[in-house]
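Architecture at a glance
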Amino acid sequence: MELGVALSGGGIKSFGQIPILNAIYQEGHTIDNISGTSMGAVIAALVASGLLFDEISEIALSVEEELIKTKLFMKPSAKVLPFSKEKISGGYVDGQVLEDILAKILADHGIEHISDVKIPLAIPAVDFLTGKVVVFVSHPHLFKAQDNWDIISDISLAKAVRASCSFPFVLSMYIHENYKLIDGGVKMNIPSLLNKAYKSKKIIAVTMTNSGEYKDADSMMSQANRIYDLMIESFNEAMMNHIDLMINIPVGDVWVFELGKGKDVLFQGEIVALKSRKDIRNLKKKTPLINKIIG
């Protein structure tokens, strides 16, 4: 069985994906290819690089702690000011900071180029100018792309992930050749079509949507998170026809950029991972579990 795993975007909420991935391995599955959007791309990149799940959890929490200390999301970059020689566009936080953090982590594990990964990987971003989906692919010879995708394989892994994480109005766009790249979640929050392009026989998707009632409409950040949640709900539903098992982690009122909630989200992921064990195990059976949703 060729198993593909698709990790949706979700900022800090993506920490909950780590226990699900661990459960997949503990149930005896091998992940044959993995895709990830936005923060899901960070997790997918670490998995594809061969890191163990305890390591990934430690890295995720240490990066969160570093971002809290630097107050990265609480103050705009100087590069947005009119007198700055270097300018960023598309957001008030310089995505280069995230890229540098990722590059160091990956270098410590012998990974620089996207082709260095051990598990076939695909990461989407969106070109702001044309609206096209741009896919960063580690193993292009195994990947059958759709005609309307642009494929890039000659790039560092940290840059590919940074491009997919460029959340509109928050993290700056990533300029690559003639592209101005923004968050892959704008068009492909669940990147399961990329697993299909790797010829996966079965696909597990992991999301973090919350169906609870919305309460806080006062702050701009809260409103942005609410709009993001509403936008991706319809996108996620559209992907269901080729996903065998959809695992959702309802992490409540946690915002995409609400630093300090990492441990809580990991705990929520562990709860859903326990509930999902039987269905993950049953993927080995010949009968497909089309449209089975957990969480």
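A few points on the structure. (Residues numbered from 1 in each chain as written. Predicted model: local features only at pLDDT ≥ 70, side-chain atom pairs only at ≥ 80, totals over all residues. Heavy atoms only, no water.)

Take helix 4 (residues 95-107) next. With 13 residues, helix 4 extends 18 Å between its outermost C-alpha atoms, agreeing within 8% with the 18 Å of an ideal straight helix rising 1.5 Å per residue. Those residues of helix 4 that sit buried are Gly95, Leu98, Glu99, Ile101, Leu102, Ile105 and Leu106. One face of helix 4 carries all of its buried residues, which in axial projection span an arc of 165°. (Helix = DSSP H or I, 4+ residues; strand = E, 2+ residues; numbered from the N terminus. Expected span 1.5 Å × (residues − 1). Buried < 20%, exposed > 50% of the residue type's maximum accessible area, 1.4 Å probe, protein only. Arc of directions from axis to C-beta.)

The next subject is the packing of helix 1 (residues 17-26) against helix 3 (residues 53-70). Direction vectors running N to C along helix 1 and helix 3 enclose 175°, while the axes themselves pass 10 Å from each other. Considering their axes alone, helix 1 and helix 3 lie roughly antiparallel with respect to each other. Side by side, helix 1 and helix 3 meet where Ile18, Leu21, Asn22 and Tyr25 of the first sit next to Phe53, Ile56, Ser57 and Ala60 of the second. Taken together, the residues that form the contact of helix 1 with helix 3 break down as 6 nonpolar, 2 polar and no charged. (Axes fitted to C-alpha atoms, helices over the stretch in contact; angles between N-to-C directions. Parallel < 35°, antiparallel > 145°, perpendicular 65-115°, else oblique. Contact = heavy atoms within 4.5 Å. Nonpolar A, V, L, I, M, F, W, Y, C, P; charged D, E, K, R; others polar.)

For the rest of this paragraph, the subject is the side chain of Ser38. Among the structural elements, Ser38 can be located in the loop between strand 2 (33-36) and helix 2 (39-48). A polar contact of 2.8 Å, which involves the side chain of Ser38, links it to the side chain of Asp183. Beyond its immediate chain neighbours, meaning those up to four positions away, Ser38 contacts Gly9, Ser164, Cys165 and Asp183. (Polar contact = N/O pair within 3.5 Å; in protein donor to acceptor, adjacent residues only side chain to side chain.)

Here the focus is the environment of His141. Position of His141 among the secondary structure elements: in the loop between strand 5 (133-137) and strand 6 (149-152). The class of His141 is exposed, set by a relative accessible area of 65%. Placed 57 residues apart in sequence, His141 and Tyr198 show a C-alpha to C-alpha distance of 9.5 Å.

In terms of residue burial, strand 10 (residues 202-207) counts as a mostly covered element, since 6 of its 6 residues are buried. Going residue by residue along strand 10, you find Lys202, Ile204 and Val206 tucked away on one face and Ile203, Ala205 and Thr207 tucked away on the opposite face as well. Strand direction decides the pairing type here: strand 1 (residues 3-7) and strand 10, joined by 5 bridges, are parallel. Bridge pairing in strand 10 places Leu3 opposite Lys202. (Pairing = 2+ DSSP bridges.)

Another point: the environment of Trp149. Along the chain, the position of Trp149 falls in strand 6. When neighbours within four sequence positions are excluded, Trp149 is seen to be in contact with Val133, Val135, Phe143, Met188, Leu193, Leu194 and Ala197.

Once that is clear, we can look at the pattern of salt bridges. Inspection of the entire model under this criterion finds 8 salt bridges. Linking Lys159 and Glu99 is a salt bridge whose minimum nitrogen-to-oxygen distance equals 2.8 Å. Here the residue Lys159 occupies a position in helix 5 (residues 157-164), and Glu99 occupies one in helix 4, the gap between them amounting to 60 residues. Close ionic contact of Glu258 with Lys261 constitutes a salt bridge, the shortest N to O distance being 3.2 Å. You can call Glu258 partly exposed: its relative accessible area is 23%. When salt bridges with common partners are traced through the structure, they connect Glu27, Arg277 and Arg281 into a single cluster. (Salt bridge = Lys/Arg side-chain N within 4 Å of Asp/Glu carboxyl O.)

What follows deals with the packing of aromatic side chains. The full count for this structure, using the stated rule, is 3 aromatic pairs. Ring centres 6.1 Å apart and planes at 35° place the aromatic pair Phe143 and Trp149 in the tilted group. Overall, Trp149 belongs to the buried group, its relative accessible area being 8%. Look at Phe143 and Tyr198: their rings are 5.0 Å apart centre to centre, the planes differ by 75°, and that puts the pair in the edge-to-face class. Of this pair, Phe143 sits in the loop between strand 5 and strand 6 while Tyr198 sits in the loop between helix 7 (192-197) and strand 10, and the two are 55 residues apart along the sequence. Taken as a pair, Phe143 and Tyr198 share a single burial class, namely buried. Taken together, Phe143, Trp149 and Tyr198 form an aromatic cluster joined through their ring pairs. (Phe/Tyr/Trp six-rings, centres within 6.5 Å; stacked < 30°, edge-to-face > 60°.)

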